[in-house]
Amino acid sequence: MKLMRTEKVQLWFMINANKLYVAAAVFGAIFVLIWGDASQWKYEEDKNHFSTFFHPLIAELVL
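Now for a description of the structure that goes with this document. Once a new chain begins, its residue numbering starts again from 1 and follows that chain's sequence as written. Two thresholds apply to this predicted model, a pLDDT of at least 70 for residue-level local features and 80 or more for giving and counting side-chain atom pairs, whereas whole-chain, interface and lining totals are computed over all residues. As a rule here, side-chain values come from all non-hydrogen atoms in the structure, and water together with hydrogens is ignored.

Focus on the overall build of the protein chain
Here is step 1: Helix numbers and strand numbers start at the N terminus; a helix is a DSSP run of H or I with at least 4 residues, a strand a run of E with at least 2. For the protein chain, the count of helices and strands is two helices and zero strands.
Here is step 2: We get accessible surface area from the Shrake-Rupley algorithm with a probe of 1.4 Å; when it comes to residues, only the shown protein chains can shield them. When the accessible surface of the protein chain is totalled, it reaches about 6,300 Å², and 71% of it is carbon and sulfur.

Take a look at the structure:
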């Protein structure tokens, strides 16, 4: 039986799907390790949160 082109593509994805998921996970992990710094992200988030809360209070104390 001869498979059509779309059937070949579907068969290839069914066979290699788990490899694609692993490759995507590994790439994501490497990306975060090289270009991401979770502690810095958390620091920036906390800094922005606290500065919006304390900025009016600090402005009153300075004046």
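Section: the environment of Asp37
Here is step 1: You can see Asp37 is positioned in the loop between α1 (5-35) and α2 (38-62).
Here is step 2: For the pair Asp37 and Val9, spaced 28 residues apart in the sequence, the C-alpha separation amounts to 38 Å.

Examining the pattern of salt bridges
Here is step 1: A carboxyl oxygen of Asp or Glu within 4 Å of a side-chain nitrogen of Lys or Arg is what we treat as a salt bridge. What the rule picks out here adds up to one salt bridge.
Here is step 2: Between Lys47 and Glu44 there is a salt bridge, with its nearest N and O atoms 4.0 Å apart. Taken together, the residues Lys47 and Glu44, both in helix α2 and three residues apart, mark about one turn of the helix.
Here is step 3: Residue class for Lys47 comes out partly exposed when judged on its relative accessible area of 42%. Each residue is placed in one exposure class: buried if its accessible area under a 1.4 Å probe, protein chains only, is under 20% of its type's maximum, exposed if it is over 50%, and partly exposed if it falls in between.

Topic: a nonpolar patch on the surface
Here is step 1: Each patch is assembled from residues with relative accessible area greater than 30% and no salt bridge, linking like charges that lie within 9 Å and nonpolar side chains (Val, Leu, Ile, Met, Phe, Trp, Tyr) that lie within 5 Å. Taken together, the side chains of Val22, Val26, Phe27, Ile30, Phe31, Val32, Leu33, Ile34, Trp35 and Trp41 make up a nonpolar region of the molecular surface, amounting to roughly 1,100 Å² of accessible area.
Here is step 2: The biggest single contributor to the nonpolar patch is α1, with nine residues.
Here is step 3: Mapped onto the secondary structure, Ile34 falls in helix α1.

Comments concerning the packing of aromatic side chains
Here is step 1: We call Phe, Tyr and Trp rings a pair once their centres come within 6.5 Å, taking the six-membered ring for Trp, and we label the pair stacked below 30 degrees between planes, edge-to-face above 60, and tilted otherwise. Applying the stated criterion to the full structure yields two aromatic pairs.
Here is step 2: Their ring planes at 85° and their centres at 5.0 Å tell us that Trp12 and Phe13 sit as a pair that is edge-to-face.
Here is step 3: Of the residues examined, Phe13 reaches a relative accessible area of 43% and is grouped as partly exposed.
Here is step 4: Ring geometry for Phe27 against Phe31: centres 6.4 Å apart, planes inclined by 35°, an arrangement best described as tilted. Taken as a pair, Phe27 and Phe31 lie in helix α1 at a separation of four residues, close to a single helical turn.
Here is step 5: Residue classification places Phe27 among the exposed residues on the basis of a relative accessible area of 58%.

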